[in-house]
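# Fold and geometry: a report
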Amino acid sequence: MCTTSSTTSLPIPKLGVSVVQSCNIILHLMGANRMANIRRLQLKVFRKLCILSASSPRRTVSSAYYKNRPMLQIKSDCIFCSIASGKTDQPIRSETDNVAIFDDRSPKARYHFQCVPKTHIRDPKKLTHKDIPLVREMVNCGKQLVTNQLHLNPEDFLFGFHWPPFNSVHHLHLHILGPKRFMKFNPMFNSRFNIFRDVERVLNELESKQSVS
């Protein structure tokens, strides 16, 4: 009994289909009609195309995309704008005229808060030198909450931002969480990685470079 083994073609990129077909025709004309030879040639072409695809320049969104865009005071479809303005049932732990603090809905520590400005700022990359007083007010409000409401030492708490694109909500929010001595290792809140940046580092960059990058 004669059996025929069916072979499944590799998911070759569209760009390389005609190349592989041409190679198959050449092999056939040369008398190399064995599937093993064709398969080897397909693999070589496929690998080459993958290398070319990986080395090709990728399109990126320039920082100029947001440049000179008007900053909205309150964004109607922003959940943090709604919470800070009291339009939801989320309790406000502490607030000033400019910032509000509330509990994180997915806490990663015994105490985990979000401190947000009441005006809409998309993320920490949009901060400039003129925002230093606002960031300091966010920090001070958080430290007062830890001291006065929790009766704990603010030095035992993390204060920082998730850096884009690792921020989950597109409204500037300062994470305040601790006590650090009870927290397990979490790369999402470790300043050694470029995912979470300590607020003091951000302030230092704003003071020295006028902006953050």
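All values derive from a computational prediction rather than experimental measurement.

Criteria and thresholds
Each residue is numbered by its place in its chain's sequence as written, counting from 1. Local features in a predicted model are, by the rule used here, given only for residues with pLDDT of at least 70; side-chain atom pairs are given and counted only at 80 or more, and totals for whole chains, interfaces and linings are based on all residues. Note that water and hydrogens are dropped before the side-chain values are worked out from all heavy atoms of the structure. Each helix is a run of H or I in the DSSP string that is no shorter than four residues. Each strand is a run of E no shorter than two, and both are numbered from the N terminus. Within 3.5 Å is the distance limit for a polar contact, defined as a pair of N or O atoms, with the added protein rule that one can donate a hydrogen and the other accept it, and that residues adjacent in sequence qualify only through two side-chain atoms. Buried Ala, Val, Leu, Ile, Met, Phe, Trp, Tyr and Cys residues that are joined via side-chain atoms within 4.5 Å together make up what is termed a nonpolar core. Exposure classes here rest on a 1.4 Å probe applied to the protein chains alone. A residue is buried below 20% of its type maximum, exposed above 50%, and partly exposed in between. Whether two residues are in contact is decided by their heavy atoms: any pair within 4.5 Å suffices. DSSP-based pairing: two strands are paired if at least 2 bridges between them are found. Each residue carries a pLDDT value, the predictor's own confidence for that position, ranging from 0 to 100. Angular values range over 0 to 180 degrees, each being the angle between N-to-C directions of two axes fitted as lines to C-alpha atoms, with helices fitted over their stretch in contact.

### Considerations on the side chain of N167
Position of N167 among the secondary structure elements: in the loop between β4 (158–162) and β5 (174–178). Engagement of the side chain of N167 in a polar contact is seen with the side chain of H170, the distance being 3.4 Å.

### Some remarks on the nonpolar core
Buried together is how nonpolar side chains tend to be arranged in soluble globular proteins. Of all hydrophobic cores here, the largest spans 27 residues; its most connected members are M138, F161, L174, I176 and V199. For this core, the secondary structure elements donating two or more residues are β2 (99–103), β3 (111–117), α4 (132–148), β4, β5 and α5 (199–209). In terms of residue count, the dominant contributor to this core is α4 (8 residues). Those residues in contact with M138, other than ones at most four positions away along the chain, are V99, C115, V116, P117, F161, L172 and L174. Counting 9 residues, the second largest nonpolar core, distinct from the first, contains C78, I83, A100 and V116.

### As for the pairing of β2
Taken across its 5 residues, β2 has 4 buried, putting it largely inside the fold. In textbook terms, the turn of a hairpin is the stretch between consecutive antiparallel strands, and for strand β1 (residues 94–95) and β2 this stretch comprises 3 residues. In this sheet, β3 lies alongside β2 in antiparallel orientation, the contact comprising 5 bridges. Bridging across to β3, D103 finds its partner in F113.

### Thoughts on unusual backbone geometry
The amide bond that connects P164 to the next residue, P165, takes the cis arrangement and shows omega of 10°. Mapped onto the fold, P165 is located in the loop between β4 and β5. Of note, the bond from G178 into P179 is cis; its omega dihedral lies within 30 degrees of zero at 0°. As for its position among the elements, P179 is in the loop between β5 and β6 (196–198). The phi torsion at H151 lies on the positive side, around 55°, for a residue other than glycine. Mapping H151 onto the fold places it in the loop between α4 and β4. Accessibility expressed as a relative area gives 64% for H151, which makes it exposed.

### Considering the confidence of the model for the chain
Here the chain averages 79 in pLDDT, and 66% of its residues register 70 or above. In this model, residues 1–17 is a region of pLDDT below 50 whose contacts with residues beyond four sequence positions or in other chains number 14 contacts. A low-confidence stretch, residues 49–72 (pLDDT under 50), is modelled with 10 contacts involving residues beyond four sequence positions or located in other chains.

### Comments concerning the sheet that holds β3
Taken together, the 6 strands give an open sheet; going across it, the order is β1-β2-β3-β5-β4-β6, and neighbouring strands pair in antiparallel fashion. Each edge of the open sheet carries a strand with a single partner, namely β1 and β6. As paired elements, β4 and β5 share 3 bridges and run antiparallel to each other. Paired with G160 across the bridge in β5 is H175. In the packing of α4 onto the sheet, the strands contacted are β1, β2, β3, β4 and β5, and the crossing angle to β2 comes to about 45°. Along the sheet face, α5 touches β4, β5 and β6 and points at about 70° away from the line of β6.

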